[in-house]
Amino acid sequence: YREIAFFGGSFTGIDRELMVKLLQTAHSYIERGRVDSIRLSTRPDYINREILDILSKYGVETIELGLQSMSDKVLIASKRGHTSIQAQDACRLVKEYGFELIGQMMIGLPGATLQSEKETAEEICALGADGARVYPTVVFYETELCQMSERGEYAPLSEEEAVYRTKEVLKIFDK
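As a starting point, this report considers the structure included with it. Remember, predicted model here, so these are calculated numbers, not experimental data.

**Considering the pattern of salt bridges**
Point 1. Taken as a whole, this structure holds 15 salt bridges when the rule is applied.
Point 2. E96 is paired through a salt bridge with R49; the nearest N and O atoms lie 2.7 Å apart. With E96 in helix α4 (residues 84–96) and R49 in helix α2 (residues 49–57), this residue pair connects regions lying 47 residues apart in the sequence.
Point 3. Residue R49 is classed as partly exposed on the basis of its relative accessible area, which comes to 41%.
Point 4. Salt-bridge contacts for E168 lead to K171; the nearest nitrogen and oxygen are separated by 3.0 Å. Of this pair, E168 and K171 both sit in helix α7 (residues 159–174), separated by 3 residues, roughly a single helical turn.

As C-alpha cells, then:
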C-alpha cells in the first residue's frame, strides 16, 4: 500500500490555491495507479466541511489531527491555538466524512500530568480514532518553550518519566 503524505505542519492551513495544487498533483499519481491514497496532518481548527469536501475530491483517505491534549488547561499553557471542543468537533467531522482518523498527542506539555495525558488518550479513542501517534515534547533552542524553561515556568520530562508516561498512554491505545 503506497501513500503520498503531507506532514510537518498544518496542511489544510496553507494557502488554499497551493493546497489544491499539491492535492491535484498527488491525485494524478492515484489516477495513474502509482499510489493508493493521500494522508496528511493538520490542526483541529483547520478542519471544516469546505476543507473536507476538497480533501474528499482528491483521494485523501487519512487525516492525522494534532490532538496534543484534550485538556483546555494544557492547550492554553502550550499556546496550541485551539480548544478541546474544536478538537472534538474536528474528529467528529473527519469521521462523518469517512476518513481514517489518526490522533497525534504529546507527552510532557506545559501543565500536563499523567492523568491529563491518559484522559487525552481515552478521549481520542472515544472519538473513534483509527490510530494514534504519541510524541514526547522536545524543547528546541530559541523557542518560546525554551524561554519558558529558562524562566523556570516549564520543566521538560526526564527521559525516564517520558518513557513511563508514554507506556501508560500506549496501554490505553492498545486496549
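Don't stop here, the text continues.
**Digging into the packing of helix α1 (residues 16–31) against α2**
Each pair of packed helices gets described by two things: the angle between the helix axes and the distance between those axes.
Point 1. The interhelical angle for the contact between α1 and α2, taken along N-to-C directions, is 25°, at an axis separation of 10 Å. With respect to α2, the axis of α1 lies roughly parallel. Listed contacts from α2 to R16, M19, V20, L23 and H27 of α1 are E50, I51, I54, L55 and K57.
Point 2. Among the residues forming the contact of α1 with α2, the class breakdown is 6 nonpolar, 1 polar and 3 charged.

About the criteria used
- Numbering of residues starts from 1 in every chain and runs along the sequence as written.
- Residues qualify for local features only when their pLDDT is at least 70, as the model is predicted, and side-chain atom pairs are given and counted only at 80 or more; totals for whole chains, interfaces and linings, by contrast, use all residues.
- For the side-chain quantities, the full set of heavy atoms in the structure was used; hydrogens and water were omitted.
- Salt bridge criterion: a side-chain nitrogen from Lys or Arg within 4 Å of a carboxyl oxygen from Asp or Glu.
- Each helix is a run of H or I in the DSSP string that is no shorter than four residues. Each strand is a run of E no shorter than two, and both are numbered from the N terminus.
- Relative accessibility under 20% of the residue-type maximum defines a buried residue, over 50% an exposed one, and the middle range a partly exposed one, all with a 1.4 Å probe and only protein chains included.
- Every axis in this analysis is a line fitted to C-alpha atoms, fitted for helices over the stretch in contact. Angles between the N-to-C directions lie between 0 and 180 degrees.
- Geometric relationships in this document are graded by angle, where less than 35 degrees denotes roughly parallel, more than 145 denotes roughly antiparallel, 65 to 115 denotes roughly perpendicular, and other angles denote oblique.
- The contact criterion used is simple: two residues touch if any of their non-hydrogen atoms lie within 4.5 Å.
- Polar here means any residue other than Ala, Val, Leu, Ile, Met, Phe, Trp, Tyr, Cys and Pro, which are nonpolar, and Asp, Glu, Lys and Arg, which are charged; Gly is therefore polar.

All we've got here are geometric facts, nothing functional implied.
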